[in-house]
Amino acid sequence: MSRRIGTLLVAVSGLSGQTYPVGTRVAISGTGGSVDGFVDGDWLPLAWWEFADVPKEDGPR
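Because the structure is predicted, anything quoted here is derived from the model rather than measured.

Parameters at a glance
- Residues numbered from 1 in each chain as written.
- Predicted model: local features only at pLDDT ≥ 70, side-chain atom pairs only at ≥ 80, totals over all residues.
- Heavy atoms only, no water.
- Helix = DSSP H or I, 4+ residues; strand = E, 2+ residues; numbered from the N terminus.
- Buried < 20%, exposed > 50% of the residue type's maximum accessible area, 1.4 Å probe, protein only.
- Lys, Arg positive; Asp, Glu negative; His and termini not counted.
- Salt bridge = Lys/Arg side-chain N within 4 Å of Asp/Glu carboxyl O.
- Polar contact = N/O pair within 3.5 Å; in protein donor to acceptor, adjacent residues only side chain to side chain.
- Contact = heavy atoms within 4.5 Å.
- Pairing = 2+ DSSP bridges.
- Axes fitted to C-alpha atoms, helices over the stretch in contact; angles between N-to-C directions.

Student: Just to check I follow, could you spell out the side chain of Glu-50 for this structure?
Tutor: Looking at the element boundaries, Glu-50 is found in the loop between β6 (42–47) and β7 (51–53). This buried residue, Glu-50, is left without a salt bridge; Arg-4 holds the nearest opposite charge, at 12 Å. Among the polar contacts made by the side chain of Glu-50, one reaches the main-chain amide nitrogen of Ala-47 at a distance of 2.7 Å. If we ignore the near neighbours within four places in the chain, the residues touching Glu-50 are Thr-7, Leu-8, Leu-9, Val-10, Val-12 and Pro-45.

Here you go:
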């Protein structure tokens, strides 16, 4: 499954214990009610309401 880019809608703690603020860009893997998010290798278990997909034209270049 390919990854897509999302942005956090709420602050979320990663597996490392670091908290990522609203607006942080994350790599998203998976679909459904919960997905895997990654920021610089740190895993963030995300619920559907914690992030929004970033349209491809707004993603990294």
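Now that the structure has been shown, we can carry on.
Student: I tried to follow the sheet that holds strand β5 (residues 34–39) on my own but got confused; where do I start?
Tutor: Backbone-to-backbone hydrogen bonds join strands into a sheet, with any given pair of strands oriented parallel or antiparallel. With antiparallel pairing, 5 strands are arranged side by side in an open sheet as β6-β5-β4-β1-β7. A single partner strand is all that each edge strand has here, and the edge strands are β6 and β7. Taking the axes of each pair of neighbouring strands and ignoring which way they run, one obtains an average angle of 40° across the sheet.

Student: Just to check I follow, could you spell out the pairing of β5 for this structure?
Tutor: Successive side chains on a regular strand alternate, one facing one side of the sheet and the next facing the other. Only one face of β5 is buried: it carries Val-35, Gly-37 and Val-39, and the other face, with Ser-34, Asp-36 and Phe-38, is open. Relative to β5, strand β4 (residues 25–29) runs antiparallel, the two sharing 3 bridges. Bridged to Ile-28 within β5 is Gly-37. Hairpin connection of β4 to β5: 4 residues between the antiparallel strands, including Gly-30 at a positive phi of 105°. Judged from the 6 bridges that link them, β5 and β6 form a sheet pairing that is antiparallel.

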